Structure formats: C-alpha cells, structure tokens
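Structure at a glance
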Amino acid sequence: MRRSYPRLPSSLWVAALLVGIAAGVGFFTFGYAEGLSYFSKDPAACRNCHIMNESFDSWQKSGHHGAAACVDCHLPHGFVEKYLAKAENGYHHSRGFTFQDFHEPIRIKEKNAGILQENCVRCHGELVHDLVASASTRTGGVRCVHCHADVGHGPVR
Amino acid sequence: NIFERKQEAKDPYLKLVQVSEETTDPETWGMNWPRQFDAYKRTADATRTKFGGSEAMPAQKLERDPWLKRMYDGYAFSIDYRDRRGHAYMLFDQEHTERVTKKPQPGACLHCHASILPLYRHVGSGDVMKGFEEVCAMPYQQAHDLKDDSGKPLVRHPVSCVDCHDPKNMELRVTRPGFLNGIRALKASQGIEDFDPNRDATRQEMRSYVCGQCHVEYYFKGDRKTLTYPWHKGLKVEEIEAYYDEAGYKDWTHAETGAPALKAQHPEFEMWNQGIHSRSGVACADCHMPYVRQGALKISDHWIRSPLVNDESISRACQPCHRYPEAEIRTRVDLIQERNHALLQRAASALMDQMDAVRSAKAGGATPADLAPVLELQRKAQWRIDFVSSENSMGFHAPQEAARILGEAIDFARQGQAKAVMLAATKP
Amino acid sequence: NIFERKQEAKDPYLKLVQVSEETTDPETWGMNWPRQFDAYKRTADATRTKFGGSEAMPAQKLERDPWLKRMYDGYAFSIDYRDRRGHAYMLFDQEHTERVTKKPQPGACLHCHASILPLYRHVGSGDVMKGFEEVCAMPYQQAHDLKDDSGKPLVRHPVSCVDCHDPKNMELRVTRPGFLNGIRALKASQGIEDFDPNRDATRQEMRSYVCGQCHVEYYFKGDRKTLTYPWHKGLKVEEIEAYYDEAGYKDWTHAETGAPALKAQHPEFEMWNQGIHSRSGVACADCHMPYVRQGALKISDHWIRSPLVNDESISRACQPCHRYPEAEIRTRVDLIQERNHALLQRAASALMDQMDAVRSAKAGGATPADLAPVLELQRKAQWRIDFVSSENSMGFHAPQEAARILGEAIDFARQGQAKAVMLAATKP
Ligand SMILES: [Ca+2]
Ligand SMILES: [Ca+2]
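Starting afresh in each chain, residues are numbered from 1 along the sequence in its written order. Each chain is given a letter, starting from A, and each ligand a number, starting from 1, according to the order in which they appear as written. Under the rules for a predicted model, residues below a pLDDT of 70 receive no local features and side-chain atom pairs below 80 are neither given nor counted, while totals for whole chains, interfaces and linings still include all residues. Heavy atoms from the whole structure form the basis of all side-chain values; hydrogens and water molecules are not counted.

1. Topic: the overall build of chain B
- Secondary structure assignment for chain B yields 22 helices and eight strands.
- The atom set for the radius of gyration is the C-alpha atoms, and the globule formula is 2.2 Å times the number of residues raised to the power 0.38. A compact globule built from 428 residues should have a C-alpha radius of gyration of about 22 Å, and chain B, at 23 Å, falls within 12% of that.
- Overall, the C-alpha framework of chain B stretches about 90 × 55 × 45 Å when taken along its three principal axes.
- Counting the 428 residues in chain B, one finds 57% classified as buried.
- For chain B, the proportion of contacts with a sequence separation of at least 24, taken over those separated by at least 6, is 66%. Strands are runs of DSSP state E lasting at least two residues, helices are runs of H or I lasting at least four, and both sets are numbered from the N terminus onward. Three exposure classes are used, based on accessible area relative to the maximum for each residue type with a 1.4 Å probe and protein chains only: buried under 20%, partly exposed in between, and exposed over 50%. Contacts: residue pairs with any heavy atoms within 4.5 Å of one another.

Structure representation (structure tokens):
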C-alpha cells in the first residue's frame, strides 16, 4: 500500500530550496538546524528541530508508527505540489524557528489540514468510499480527524 | 476473500433497483443498500440500558413515576405515556397509544411517525407545504387512512430511507415541513434570513438536522392544528417559554389546580444544542449511528439506538473521541444521569408539594384570582420539569443546563407552595 | 542564538547555592532556578478576568453581593471578605484582614498563609505534627511572632518553594499536616489504610495534591482549634455535611435567625474532584501552572493564576488538550460560569426570602422549638450556597455538580420559607 516517492530532479530541488530558504531566514540558520535533511522523507529530518520533538515522540507512540511517516500524512503527494508545499512550510518553519514568534501549542494550519485529509483518503479510500462519496458533493465535509484525532500522535487528551 | 472484499469496496453503490421520491418502502432501498437496511430493521430489537433503551413491551412511565400522572392531570398524557423504543415501532405505537385511541388527535401527529411525504404531496396536489397544513388540520384517522389515486394507502411505513436521503444521490436531506419552518424561524432570530438547510447547512450539521426533524419540542398552532416548532426566540427553555407566553398559549388546563399548563415533548435537539458536544460539532449521528466496519467498507450503523446498549456500541460511539475503557465511559454517563435523576425527583417532589398547598388553599376558600400567581408559578415549574424529564437522555445531552433548569423548576414550585400556604392561612 | 538554545537544553539544574528544609526564602532558591522564581514573583501582578483574577485592591465581596453579609450575620466573614489574589499577598492579606485585626483568631490560620514548616518544627522540637497542633491552639499573633533560637522571626514568607519541593531533589511533596491527616482519613474511608501521599501518590496526583494542601474546606476542631479537613466520609458536599452533623458541629450561630450555621471555605480541591477534569486525570497544575517554553526548555509556569487572564494563558493552559481558538475556549468557560452565576443569585434570593419569613414568624411569636426545623433547613441551604460561592471557579471545576448543589440549596431554602410562613400564619 505504501508508495515510493518520485525521485527528486535536481532543478526542482534547488527551486524549492531557494524559495523556502531565501524567503526564510538565511542559510546559516537553516544549515545549522540540518535544514538540508528537511527534504528527506525520513522522520528524523523533522526532528532536527527540537520544536518537532513532541510530534515525533507522539508519532512513535501512535498506531501509524509502522504505517506512515511524517511526510506521508503532512505533504501532498502530487509531484509538484509536494515540493511547493515543502517550500511554503519550509518558510514557515525556519522563520518560526528563528524568530520564535509562532503560536504555541503549534496548531496545524487550515491548508495543511486539507492536505492531511487528502492523505487519509489516499490510503484508506476504499474503506471509506461510502463516507466520502456524499462528502464530495457538499461543502464542509466530515473530516477524518473529527473522530480520529489521535491517529498520528496518540491520545490528544 | 481479499479479492471479494476489494470487489465489494469498488462498487458500493451498485444499484439493482431504482428508488424515487415515492419509494417509502425501505425494503426496496434495501436491495441497493442491504447493509444499511439490515441494520435499520434491527431497530425492532429490544435493548436495555439503565435509563434508556427499548423493550418488547415499553414500560408505562406513569407507573414508574406516579408524579407524572398528577402533573399531566386532565391531559391525554395522563392516560398512557410509555418509554420510547426503536424506529420500527413508531407508527404502530402511535396507532395504539390510548392517547390516540381514547382521545381525538389531529393528522399533525403523523408528521413524525410515518414516511409521510407522499401523503403531503397527494393532499397538496404536489405542494408539500400546503399538503402538510391540510393534513395537520384533519382528524388523525382520516389522515392516516388516505389512499392514493390507485387506492393504495399512503401511510404505511415508519421513518424510511427517503425521509433522510435524496434518492438521486443518497445525500442527506431534511424533508419535514415542521423542521424547515422551525429552523428558518430560529435562524431568522439570529439574523440569518431565509435559511434552507438543504442548501445552506454543512454535512456535519445535516448529521443532526435529520434527527431534529422529529426529536424536538412542538405544539399545534391555532384551530388548524398546524404543527409548529416554537423556536422563534431561540432554543433555550426560557426562550421557548417566552414564545408561548407571548402567544398566550397553553396546552391544557390542569385538572386538579386549574393552572394553564404546557407540555414539553422530547426536546433532544434543543437540549443537545445547549451542550458541549453540540458546541464541539459532535452530531447526533456521531453517537447514535457510529461508523461500523463491514468487510472492506465502513458504513454508518443504521440500527439507531442508545450508545450505551453494550460495550461494543460504546466503543464505536465514544471511543474514537474518548480513549477510556468502556466501563469508564459507562461510569461517566452514569454519574451524570444519576445526578440528573436525583435532582429531577427532587423537583417533582417540590411540584407535588405545591399542588398539595394549592389544594389546601382552595379548601380554605382561595379564589381563582387569589390563585392566579400561584398557578403561573406551577406552569413555569412544570414546564421546566417536563423539559428535562421528557428529554430522553436523562441529562446527558447537556448536564449543567439540565441541572440549571431543574434548579429553576424547584425555585418556582416552592415559591408557589409558599404563596399557596400563605393564601391557605390568610383565608379564614 | 540557536547555539545558545541548544546549550540551555543541556543543563537545567546547575545549582549555585544549597537550599535546605530551613530555606523558606524563595530568593535563595531563585539563584538556582531563576526562571521559576521570576514567574513566582509575578503572583504579585494584578490580573483581571470576569469572575476571577486579582486586583491591586481586592474587591469587597460583601459589597458586590450584599446577601453574603446577611448570610454570614454574626460571623467574622460579615465584617471583611474580599476577592482572593496572588500568592505573593497571602501573608499580608491575612495579617490585614479585619477578620484578624478585629476578631481573635487562632494560630491555625497560618497553616495556609505562610511558609510554616520551620515554625512547626521549632515549636514541636523537631516533631512537625506536635508543633502543628501546638501552633493551632495559640492565639494568632503569638504564633505569628515566634522567633527561632537566634531571634529571627519564623514566619516571614508566603507559600514558598520548600512547601511544594523537596530541597534535595526538587521532587514534588506535600508538607501540610492538615492535608496529610485529611487525605489519610479520606483514603481510609475508601478502604486504603495509612495513605501517605509522599510515598503512595503518582506524580500526576501530586500535581494536584500540592494545591490541595490549602485550597480546601476546613474547620477548627475542638478547643485546641486543630485545623481539620472534614473528609472522613468523602469529599461531596453532603458527605462533609454528614460529618459535621454527626459531630454536632456548627461554626457559629446565625445572628439574625439563630440557625446553627456552617462556613464553607474555598473547596476547590473537593469540587474539582467531582468534575470531569479530575476524572480524566487533569491536575490543578495542568491548568494553573501550564508548561511554558523558554528557549529549548519547557518549564512549569510558576506565575500561578487564572488560566483566563489572556489569550496566551488560555493557549498554554487549555489548547494542549482542546483544539479550539482562544476566543472559543473563553466562551465555553463563560457559558458555564454565567449559568452558574445566575443560579447562585437565584439560590441567594431563596435564602433571603427564607430569612424574611423567619423574621415574620418570630415577630408572630414562633418559639425556638417551633423554628428548629426551619433553621435546620437554613443550615443546609446556606452550607450549599456557600460551598459554591466560596469555591473560586464560579462553577467551572464541576459545572453539573455545582448546579446540582445549588438546586438542592434552593429546595431547602424555599422549604424553610414555606414552613416559616406556615408558622407565622398559625401563631395568632
Ligand atoms: Ca409541546
Ligand atoms: Ca469550613
């Protein structure tokens, strides 16, 4: 069921890096925080920032630990979208990390919540076919996390 | 096997028969959606929980809580008033209650006990709202027995698929005129004009609105007995009361005391609206129709019932959001319901004491004019008691709100008692 | 900058000075743990929320709710009773309240308003329990002014680090004899013998127990005024009442009516225990000392205060568990508190009406024997009202339970009123 990821063409890699980081805060910051590994699908890449530790730890305790890693849920799986999202998120992350001015507890942004939802359906589409069937035609569809809030990071309360 | 499941998964909406607006027979729909239909049929099964569930022979509430009989004195509910049970029985139970067999009732009753849209269309010559109003005004039996042009009875089934689903695409929808009018009035009072749930509501809202079609407080307005949901000022107990007060409405005159009394009926939707679950976007269907896995598919459990029936129902209804063992979840509900139950009984005693005091005052010669303020307090008290006691979750849907309402009920009843005692004493 | 933060994470417990059981001065501890100390000091800052927070000059509760004055008639609380404020003021506020400056009080008062263990050890010659009992029995000022062998005053600081932390390893611990005795009695009533929180409690429990040292109902037992937490039959309002009834205890005789009255003091711990948060293992510290990130470190916010002070405090206290925006969380609390506040005022009116009726009955010649059952009802009613009104969360810690208690209070007060009216009427 798990898919392999398209290999990264270097031109896109560079583009994403430039958009994300130039708009972010600068090479030193990002480099020091091992920003380069940010573009890997290894969860350790996310943990490079201690601020992600909690998400990492809780993911390890979650039911999906063996089934899905961070990017499986948090990045879109269309080819170009994926790197654009990386660039945008990379901007938020390095900016947030350097200025320490983000909202805490960290909360998923609406746009990323949409990406997440798509990923649930990407893997579980067959199972939830009926539920999604009528959801697609009406706005404000039922989100998986409404009930499964803890699939990615264990119990939330 | 795996192959089979994959097949199942691909074509869940394989339609074997066509269904239309006129298909009220769930069995026909069942050919297309056998899983939902099988579950739907199980609403005929008996279940049992501490304060809810349903039994083969529903218990007489009037016997379990004799104060109900006195509270409803002079009204049909004092003759026969039972525990609710599954949807499969709704038409049968209405046909057979002594409230119908011994008292005249209007066609309005059918609105929530039958798959009724074809009847409305028939009577209204295609205009549902018109048909609805006509049917409300008819005597019960007449409305019940109407036949279509080919001579087939129009009222044959309890709530059915077509009442909640659009036969074209299975989307949820609201069909009941009472609800459409009621929610429009409510939204208008909040500054939203011309609200149409079938157009304006989110899917998650629809997962409650379909139930709000029936699980609500109502009254029959005017001589034509138009079924009305009194939501024009809001859904809270005192907002509904204010609506009735302004309309100078009473359901009946209390036989023993003469109070201008109100009857509250199953205000689940209203009570849920005051609770934390509603505020958190948790819908009726989340708890009463939780998802269940069947083979490679996840579907909504159409065996609508109490989530407390057994550990499995608790786990499906509650555990996706509350990660506690079933026994712990059950205990939490139990604590809430027991507190509510004790306070309800306390409020009922207060009401009985007030009635005793009125009796003494009358015996002592108090006049109707003397008694008017006392009876006004009785109206307020029993409206509140009834609002909680006829709500079917024993406080669970909104624990603090239910307790607040009961606290007010106690206050009014005991104030009335003190006033009546005073009257009894001052009249020589 | 990032480098600095990485460093910080490594060495949180670098100790610059030694602290011991005798170190009540938080400033000394502050050299080792400057972040916690800086926050601790901020308990002197003014804050403001709708029903809580603290102000430079705390408002007189007796003026805001005049019925309090009448409810406490004849007791010290009717002279001076103010809003609580931050921990920094606890000793000062006790020294200056007119309850102390105008009425004699025992040394028992100091238990919760000062960093007091050295005093207990001193008086008990090393035996804390003995010292505690001796100090309780002394007059307030005498106990307050005791000096150690080197002539330094023993009572100098409000609650301090050493009261909640073991100076050896910073572990949480409970130091207060009142709590140690109280929790032992409570656990014994549940079949757990010889419970010692410092040995038997989980860390999460300790995160509430440290607060339960002081935020509890209490009374002074016997002639030696031994501070006692009345938990021998349980923590619920009627269980504590049963304990007092069995002991034949009253705090004072109500001046106006003569009722044998009880005073409830800040039963936060007891009320929280009845609520859903406690049941879900959510501790006082989770909400009142939420984690706050300082660089790479996460520490407990030692500026103990209302979580509602501002958006930031809400986000830290509530959002780890509740994924709603700050404004929504605030509204949820507000709905709960407003319901509770309205019901509390309603209960207070009932109590005032009862007192009026007693007054008339007395004027009409009712004897103390006639009045005894009425005054018993007053005791019950005002015990409950006080239990909710002196609890400091305005219902939030256990909304349904608080409403239930108020419902009962209304019942008792109005029953008392009706009885008194009857008396007034039957006496010629
Ligand atoms: Ca009604
Ligand atoms: Ca007390």
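2. Observations regarding the coordination of the calcium ion (ligand 1)
All names here are of chain B.
- Any N, O or S atom lying within 2.8 Å of the metal counts as a donor, and for Na, K and Ca the limit rises to 3.2 Å; water is left out, so some sites can look incomplete. Around the calcium ion (ligand 1), the protein contributes the donor atoms Glu217 (OE), Glu217 (OE), Tyr218 (O), Lys263 (O) and Gln265 (OE1), at 2.3 to 2.7 Å from the metal centre.
- Site description for the calcium ion (ligand 1): donor spacing in sequence, E-Y-x44-K-x1-Q. One end of the pair, Glu217, is in the loop between helix H14 (203-212) and strand S3 (219-221); the other, Lys263, is in the loop between strand S6 (260-261) and helix H16 (268-273), and 46 residues separate them in sequence. With respect to class, Glu217 is no different from Lys263; both count as buried.

3. What to know about the nonpolar core
- Nonpolar cores were defined as sets of buried Ala, Val, Leu, Ile, Met, Phe, Trp, Tyr and Cys residues, with membership established by side-chain atoms within 4.5 Å. Tyr209, Trp231 and Phe269 of chain B together with Tyr209, Trp231 and Phe269 of chain C are the most contacted members of the largest nonpolar core, which has 164 residues in total.
- The residues touching Tyr209 of chain B, leaving out its near neighbours within four places in the chain, are Val174, Phe179, Ile183, Lys187, Phe195, Pro197, Ala201 and Phe269 of chain B.
- If you look at the next biggest cluster of nonpolar residues, it comprises 22 residues, including Val358 and Leu423 of chain B together with Ala361 and Leu375 of chain C.

4. Focus on the confidence of the model for chain B
All names here are of chain B.
- This prediction gives chain B a mean pLDDT of 94; 96% of its residues lie at or above 70.
- Counting contacts from residues 1-12, a segment whose pLDDT is below 50, to residues more than four positions away or on other chains yields 18 contacts.
- The ipTM assigned to the predicted complex is 0.91, against a pTM of 0.93. Along the chain, pLDDT gives the predictor's confidence residue by residue, from 0 to 100.

5. Some remarks on the packing of aromatic side chains
- Only Phe, Tyr and Trp rings take part, Trp by its six-membered ring, and two of them pair if their centres are within 6.5 Å. Stacked means planes under 30 degrees apart, edge-to-face means over 60, and tilted covers everything else. Per the stated rule, a full pass over the model turns up 51 aromatic pairs over all chains.
- Taking the centre distance of 5.9 Å and the plane angle of 70 degrees together, the rings of Tyr219 of chain B and Tyr243 of chain B count as edge-to-face. A residue pair is termed long-range when its members are at least 10 positions apart, and Tyr219 of chain B in strand S3 and Tyr243 of chain B in helix H15 (residues 237-247) qualify at 24 residues.
- Residue class for Tyr219 of chain B comes out buried when judged on its relative accessible area of 4%.
- You can call Tyr243 of chain B buried: its relative accessible area is 9%.
- When the centroid spacing of 5.4 Å and the interplanar angle of 65 degrees are considered together, the rings of Trp383 of chain B and Phe387 of chain B count as edge-to-face. Here Trp383 of chain B pairs with Phe387 of chain B, and both are found in helix H21 (residues 368-389), just four residues apart, close to one helical turn. Exposure class is identical for Trp383 of chain B and Phe387 of chain B. Each is buried.
- Counting every residue linked through ring pairs, the aromatic cluster contains Phe179, Phe195, Tyr209, Tyr229, Trp231, Phe269 and Trp272 of chain B.
- Here, over-ring charges are defined by two tests on the NZ atom of lysine or the CZ atom of arginine: distance to the ring centre within 6 Å, and angle to the ring normal within 35 degrees. The cationic tip of Lys187 of chain B hangs over the ring face of Phe195 of chain B; the distance from NZ or CZ to the ring centre is 4.7 Å.
- Taking the ring centre of Tyr89 of chain C as reference, the NZ or CZ of Arg85 of chain C above it sits at 3.7 Å.

6. Focus on the environment of Leu377 of chain B
All names here are of chain B.
- Mapped onto the fold, Leu377 is located in helix H21.
- The buried category is assigned to Leu377, whose relative accessible area is 10%.
- Counting along the chain gives 79 residues from Leu377 to Lys298, while the straight-line C-alpha distance between them is 52 Å.
- Excluding anything up to four places from it in sequence, Leu377 contacts Gln354, Phe412, Gln415, Gly416 and Lys419.

7. Notes on the interface of chain B and chain C
- With 32 residues of chain B in contact, the opposing surface of chain C contributes 32 residues.
- Interface area, chain B with chain C, both sides summed: about 2900 Å², of which 55% is carbon and sulfur.
- Salt-bridge detection follows one rule: a side-chain nitrogen of Lys or Arg within 4 Å of a carboxyl oxygen of Asp or Glu. Viewed at the interface, chain C and chain B are joined by 10 salt bridges.
- The residue Arg346 of chain B makes a salt bridge to Asp411 of chain C at a minimum N-O spacing of 2.9 Å.
- Definition of a polar contact: a pair of N or O atoms within 3.5 Å, with one able to donate and the other able to accept a hydrogen when the atoms are protein atoms, and with sequence-neighbouring residues admitted only if both atoms are side-chain atoms. Where chain B packs against chain C, one counts 20 residue pairs in polar contact (both at pLDDT 80 or more). The buried area of a pairing is the accessible area, by a 1.4 Å probe, that goes missing from both parts when the two are put together, added over both.

8. Here we look at helix H22 (residues 399-426) of chain C
- Compared with an ideal rise of 1.5 Å per residue, which puts 28 residues at 40 Å, H22 of chain C spans 41 Å between its outermost C-alpha atoms and is within 8% of the ideal.
- The element H22 of chain C is largely enclosed, with a buried count of 21 among its 28 residues. An expected span of 1.5 Å times one less than the residue number is assigned to each helix.

9. So, the coordination of the calcium ion (ligand 2)
Residue and element names in this part refer to chain C.
- At the metal site, the calcium ion (ligand 2) is ligated by Glu217 (OE), Glu217 (OE), Tyr218 (O), Lys263 (O) and Gln265 (OE1), and these contacts range over 2.3 to 2.6 Å.
- Here the donor residues of the calcium ion (ligand 2) share one chain and are spaced in sequence as E-Y-x44-K-x1-Q. On the criterion of sequence distance, the pair formed by Tyr218 in the loop between helix H14 (203-212) and strand S3 (219-221) and Lys263 in the loop between strand S6 (260-261) and helix H16 (268-273) is long-range, its members being 45 residues apart.
- Residue classification places Lys263 among the buried positions, given a relative accessible area of 0%.

10. Re the packing of helix H22 (residues 399-426) of chain B against helix H20 (residues 326-363) of chain C
- Where helices are involved, their axes are fitted lines through C-alpha atoms of the stretch in contact, as for all axes, and angles between N-to-C directions lie from 0 to 180°. Interhelical geometry of H22 of chain B versus H20 of chain C gives an angle of 20 degrees and a closest axis separation of 11 Å. With respect to their mutual orientation, H22 of chain B and H20 of chain C come out roughly parallel. Handedness of the crossing formed by H22 of chain B with H20 of chain C: left-handed. Side by side, H22 of chain B and H20 of chain C meet where Gln400, Glu401, Arg404, Gly407, Glu408, Asp411 and Phe412 of chain B of the first sit next to Ile336, Arg339, Asn340, Leu343, Arg346 and Ala350 of chain C of the second.
- In this count, Pro and Cys sit with the nonpolar residues alongside Ala, Val, Leu, Ile, Met, Phe, Trp and Tyr, while Asp, Glu, Lys and Arg are called charged and the others, Gly among them, polar. Of the residues assigned to the contact of H22 of chain B with H20 of chain C, the class counts are four nonpolar, three polar and six charged. Should an angle fall under 35 degrees it is taken as roughly parallel, and over 145 as roughly antiparallel, whereas 65 to 115 is taken as roughly perpendicular and any remaining angle as oblique. Crossings are classed by handedness, with left-handed meaning an anticlockwise turn of the near helix from the far one by less than a right angle and right-handed meaning a clockwise turn.

11. A few points about the environment of Phe396 of chain B
All names here are of chain B.
- Relative to the elements of secondary structure, Phe396 occurs in the loop between H21 and H22.
- With 135 residues separating them in the primary sequence, Phe396 and Ala261 have C-alpha atoms 26 Å apart.
- When sequence neighbours within four positions are dropped, the list of residues in contact with Phe396 reads His277, Val333, Ile336 and Gln337.

12. A short note on the relation of the copies chain B and chain C
- Copies overlap after least-squares fitting; the atoms used are the C-alpha atoms of residues with pLDDT of at least 70 in both. For the pair chain B and chain C, the superposition axis carries a translation of 0.0 Å, the fit reaches an RMSD of 0.1 Å, and the rotation angle comes to 180 degrees. Such values leave the two copies arranged in the relation of a two-fold axis.

13. Describing the confidence of the model for chain A
Residue and element names in this part refer to chain A.
- Mean pLDDT for chain A: 72, with 66% of residues reaching 70 or above.
- Ranking the elements of chain A by mean pLDDT puts helix H2 (residues 27-32) last with 40 and helix H5 (residues 70-74) first with 93.
- Contacts of residues 1-15 to residues separated by more than four positions or lying in other chains number 20 contacts, the stretch itself having pLDDT below 50.
- pLDDT under 50 marks residues 21-39. Its contacts with residues more than four places away, or in other chains, come to 39 contacts.

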